[in-house]
Structure formats: structure tokens, C-alpha cells
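Letter by letter, the chains look like this.
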Amino acid sequence: MEDMKDIQWFPGHMAKTRRMIQKSLPLVDAVAELLDARLPLSSRNPEFDRLTRRKPRLVILNKADMADPALTQQWVEYYQKRGAAVITADSKSGKGVKSFAPALRRLLAPQLAQYAAKGMKGRPIRVMILGIPNVGKSSLINRLAGGKRAKAEDRAGVTRTQQWIKVEGGVELLDTPGVLWPKLEDQEVACRLAFTGAVRDEILDTEALASRLLVFLHRQYPKALEERYRIAPDAAYTTGFDLLELLAKNRGMLLAGGVPNTERAAIALIDEFRAVKLGRITLERPGEQSQNGADHGEKTTDPSDGTV
Ligand code: G4P
């Protein structure tokens, strides 16, 4: 699977994806949009609605095992209110993946009734999976297909056509998922994706990133910081960097002369956050401010409001 760390998003790549989606849309009954449950806004492609037009949509909040369960429930309702069918999944272990076909059947009930009326009862439901890199597209496809993935034909002289992977419940998946791009030009989106490791760390300074994450955690998940790093919920600080120094001191990460090794502390925090050692954390809340337009709510630029 393509990896965001290796992808340079350039207009040619986007145009290719747009063409692939346009070509495939008439062949499918629904689109399945895979999102990271920790980032249900920032892991969206800003053009998704325009790209997929009015196709019925199944939203899959993936990596739900890493996200805050209470917030995941709120996000389920958020996307349901916007007309999508929604499921939560952990495509690594396979938990929740069984709901995929039943959710599609419910979503497409009117169309399925029409097919049945026309005597096309056994007709498969065809679906295209879309999502940004690293969100779990190939893990989900492998889980759904249970190891019996269709092999792409690559013999010389044989035209490669789109293939369908049969999965449970009379559903067929287009064999290549659409790899969408996130809104990386939005600094907040880029930071949030960087916290989860979905984008290259080098884009942003590690200490700045960690400081930002600490401010968010101190406001939204103070218990996690207290339990893991002994940073008190009422710890006084002016900037996130003060919290990073505190973390370094509490962890005994000191340079010569007792200077806090903030670089080491930043790497430790980010690694441990990604490994879910601070607990299940969601970085975005419904109704919270964000820059991404109507579907993404509105935004404030002040990081002290508790958003990242
Ligand atoms: P992609 O096709 O959309 O690019 O994503 P892919 O399936 O390759 O998944 C990216 C990473 O996320 C993989 O980890 C994968 O195991 C992990 N992942 C996918 N879905 C879930 C999920 O629901 N929960 C959790 N916890 N992890 C998930 P990796 O570190 O790249 O590989 P590996 O450690 O699994 O070998």
C-alpha cells in the first residue's frame, strides 16, 4: 500500500485519483470512506463529497481501538446526521469488520428492494473503498476478504481490468482502493496527522509538535498526563514548551548541568502517544472549530482553547 510518508502530493497524483474515482463511480452502488477514529475530520479528504457526488456513503471509523470510545460514539452520530451509514472498526484485529456488509445492506435497502422487484435478487452490492494513506485501507480489505484476495493479472498482453473482490454478505469490493490526499496545507490538520504518525515527522519540528500535543492533553486528558508523566492537572505553565520541560525533568531526561533534554522528551511523548500508552485518545470533537469548511466545522487559531 502506498504510504503517506513516501507520497508527495502533487497535482498529477490528485488528477489521477480523480480520474480513477470518476471512472469507478458508475460501477459501484456505494462508497466506503475510511477515516481514522482519532481524527474524524483531519483524516478526511476535503473534496470527498464533490468527488463522490451523491453516492450512498458508508463511513468507517477505523482504528477505533486507539480512539476515545465516548467521542467515537459522538462521531458516529455526527456522520449519521449527515446522511451516511457509520460503523466503527479495528481492522488490525478484525473487530467490527463484520458490520460492514449488514451496514451496506441497510444503507442500500431501497435500491436492493428495486433490484428484487426486477428479479435481480442475487445481484452483488459493489463498493469502492476510499481513504487517505495509512488509515487502514489494505488492512480492512484483507480482513474483509479473509485472505482470498483477487490477484491482479499482470501477464504481458493481458489488459489489466478492474477486478472485484468477493466478501461476505453478497458484497464485492473494487480491488484497488482510492488513495486520497488530506488537507496538509492546513497547519492544524498537518499537526494532528503528524501526532498519529500519518505524515512525515520532519515536516514539523518534533519539540514544537510535542509541546502542542501537551497543551491539548493537559486540557482534554489531564489524567493521562498525571498518570504517565506526573504532570499535575493544575501545573502552571505559559507555553507547551514549559510542559515539555516538566515532562523531561519528571522522566529524569536531563543533559549535563541538569538541563531538561526536551528533544528526548518530545520523541518519548510522541512515540508513547502513538503506541496508545497514554490511553485511548481522540484529537477532534464534533462541533469543535476547524478550518476545513462546512463539513469540518469552524475553527479558532488559539491553541489554548483545548483544540490541538
Ligand atoms: P493504508 O492501506 O490505508 O495505507 O493503511 P494500512 O492498512 O497499511 O494500515 C496502516 C497501519 O495502520 C498499519 O500499521 C496497520 O496495521 C495499522 N492499522 C490499520 N487499521 C488499524 C486498526 O483498526 N487499529 C490499529 N490499531 N491499527 C490499524 P503498520 O505499523 O504500518 O504495520 P503493522 O505494525 O501492522 O505491521
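Just so it is clear, the structure is predicted and the values come from calculations on it, not from any experiment.

What follows is about the overall build of the chain. A count of helical and extended segments in the chain gives 11 helices and 7 strands. Buried residues in the chain amount to 50% of all 308 residues. Contacts in the chain between residues far apart in sequence, at least 24 positions, make up 69% of those at least 6 positions apart. Surface summary for the chain: the accessible area is close to 14,800 Å², and the carbon and sulfur share equals 50%.

Attention shifts here to the confidence of the model for the chain. When pLDDT is averaged across the chain, the result is 87; 84% of the residues are at 70 or more. Across residues 152–159, confidence stays below pLDDT 50; counting only partners more than four residues off in sequence or on other chains, it has 5 contacts. This stretch, residues 291–308, has a pLDDT under 50; its non-local contacts, to residues over four places away or in other chains, come to 45 contacts.

The computed volume of the largest pocket comes to approximately 240 Å³. By residue class, the composition of the lining of the largest pocket is 1 nonpolar, 5 polar and 4 charged.

Our next topic: the packing of helix α4 (residues 100–107) against helix α5 (residues 109–117). The contact between α4 and α5 brings their axes to 5 Å, and the two run at 75°. As far as their axial angle goes, α5 and α4 are roughly perpendicular. Residues Arg105, Arg106 and Leu107 of α4 touch α5, and the partners they reach there are Ala109, Pro110, Gln111 and Leu112. For the contact of α4 with α5, the per-class residue count stands at 4 nonpolar, 1 polar and 2 charged.

In terms of nonpolar packing, the biggest core is built from 80 residues, with Phe100 and Leu173 touching the most fellow members. Residues within four places of Phe100 in sequence aside, it is in contact with Ala32, Leu58, Ile60, Ile87, Val127, Leu144, Val171 and Leu173. Val59, Leu61, Ala84 and Val86 belong to the second largest nonpolar core, which has 13 residues in total.

Our focus in this paragraph is empty space enclosed by the protein. If you walk through the whole model with that rule in mind, you get 2 cavities of 30 Å³ or more. In this structure, the second largest cavity encloses a volume near 30 Å³. Lining the second largest cavity are Arg38, Met66, Phe273, Val276, Gly279 and Ile281. A per-class count over the lining of the second largest cavity returns 4 nonpolar, 1 polar and 1 charged.

Moving on to the packing of aromatic side chains. By the definition in use, this model includes 4 aromatic pairs. Relative to Tyr78, the ring of Trp75 has its centre 4.8 Å away and its plane inclined at 70°; by these criteria the two rings are edge-to-face. In this pair, Trp75 and Tyr78 both sit in helix α3 (residues 69–81), 3 residues apart, roughly one turn of the helix. Residue classification places Trp75 among the buried positions, given a relative accessible area of 0%. We classify Tyr78 as buried; its relative accessible area is 10%. In this structure, Arg82 is placed above the aromatic ring of Tyr78, and the distance from its NZ or CZ to the ring centre is 3.6 Å. Residue placement shows Arg126 over the ring face of Trp164; its charged tip is 4.1 Å from the ring centre.

A word on the side chain of Asp175. One can find Asp175 in the loop between β6 (171–174) and β7 (178–179). A distance of 3.3 Å separates a polar atom in the side chain of Asp175 from a polar atom in the side chain of Thr176.

What follows is about helix α8 (residues 206–220). With 15 residues, α8 should reach 21 Å at 1.5 Å per residue; the first-to-last C-alpha distance of 21 Å fits that figure. Taken as a whole, α8 has its buried residues at Glu207, Leu209, Ala210, Ser211, Leu213, Leu214, Val215, Phe216, Leu217 and His218. On its buried side, α8 packs onto α7 (187–196), α9 (222–229), α10 (240–250) and α11 (262–274).

Relative orientation of the contacting elements α10 and α11 amounts to 90°, with a least axis distance of 9 Å. One element, α10, and the other, α11, form an angle in the roughly perpendicular class. Touching Phe241, Leu244, Glu245, Leu247 and Ala248 of α10 are Thr262, Ala265, Ala266 and Leu269, all from α11. A per-class count over the contact of α10 with α11 returns 7 nonpolar, 1 polar and 1 charged.

Summed over all chains, the structure comprises 13 salt bridges. A salt bridge links Arg192 to Glu284, with the shortest nitrogen-to-oxygen separation between them at 2.6 Å. Here Arg192, found in helix α7, pairs with Glu284, found in the segment after α11; they are 92 residues apart in sequence, far enough to count as distant. The class for Arg192 is buried, based on a relative accessible area of 1%.

On to the environment of Leu246, then. Relative to the helices and strands, Leu246 is located in helix α10. The exposure class of Leu246 is partly exposed, given its relative accessible area of 28%. Linking Leu246 and Tyr229, residues 17 residues apart in sequence, is a C-alpha distance of 8.6 Å. What Leu246 contacts, discounting residues up to four positions off in sequence, is Ile231 and Ala235.

Reading guide: rules and limits
- Every chain is numbered independently, its residues counted from 1 as its sequence is written.
- Owing to the predicted nature of the model, reporting of local features is limited to residues with pLDDT of at least 70; listing and counting of side-chain atom pairs is limited to 80 or more, with chain, interface and lining totals taken over all residues.
- Each side-chain value is worked out from all heavy atoms of the structure, with water and hydrogens disregarded.
- Counting from the N terminus, the helices are DSSP H or I runs at least four residues long and the strands are E runs at least two residues long.
- Burial here depends on accessible area, computed with a 1.4 Å probe over protein chains only, as a share of the maximum for the residue type. Under 20% is buried, over 50% is exposed, and the range in between is partly exposed.
- Residue contacts are defined here by distance: any two heavy atoms, one from each residue, within 4.5 Å place the two residues in contact.
- Using a 1.4 Å probe, the Shrake-Rupley method yields the accessible areas, and only the shown protein chains count as cover for residues.
- pLDDT is a residue-level measure of predictor confidence that goes from 0 to 100.
- In this analysis a 1.4 Å probe is tested at points of a 1 Å grid over the protein atoms alone, and where it fits but cannot get out there is a cavity; an open set with protein on both sides within 12 Å along at least five of seven lines is a pocket; lining residues have an atom within 4 Å of a point.
- Grid points are joined across faces, edges and corners, and a volume is the space filled by probe spheres set on the points.
- We call Asp, Glu, Lys and Arg charged. Ala, Val, Leu, Ile, Met, Phe, Trp, Tyr, Cys and Pro are nonpolar, and the rest, Gly among them, are polar.
- Under this scheme, a helix contributes an axis fitted over its contacting stretch, all axes are lines through C-alpha atoms, and angles between N-to-C directions fall in the 0 to 180 degree range.
- Angular relationships are summarised with four words: roughly parallel below 35 degrees, roughly antiparallel beyond 145, roughly perpendicular across 65 to 115, and oblique for the angles in between.
- We define a nonpolar core as any set of buried Ala, Val, Leu, Ile, Met, Phe, Trp, Tyr and Cys residues linked to one another through side-chain atoms lying within 4.5 Å.
- Two rings from Phe, Tyr or Trp (for Trp, the six-membered ring) form a pair when their centres sit within 6.5 Å of each other. Planes less than 30 degrees apart are called stacked, planes more than 60 degrees apart edge-to-face, and all others tilted.
- In this scheme, Lys NZ or Arg CZ marks a charge over a ring once it lies within 6 Å of the ring centre and within 35 degrees of the ring normal.
- In the analysis that follows, any N or O atom pair within 3.5 Å is treated as a polar contact, provided that within protein one partner can donate a hydrogen and the other can accept it, and provided that, for residues neighboring in sequence, both atoms belong to side chains.
- Take the number of residues in a helix, subtract one, and multiply by 1.5 Å to get its expected span.
- Salt bridges are counted wherever a side-chain nitrogen of Lys or Arg sits within 4 Å of a carboxyl oxygen of Asp or Glu.

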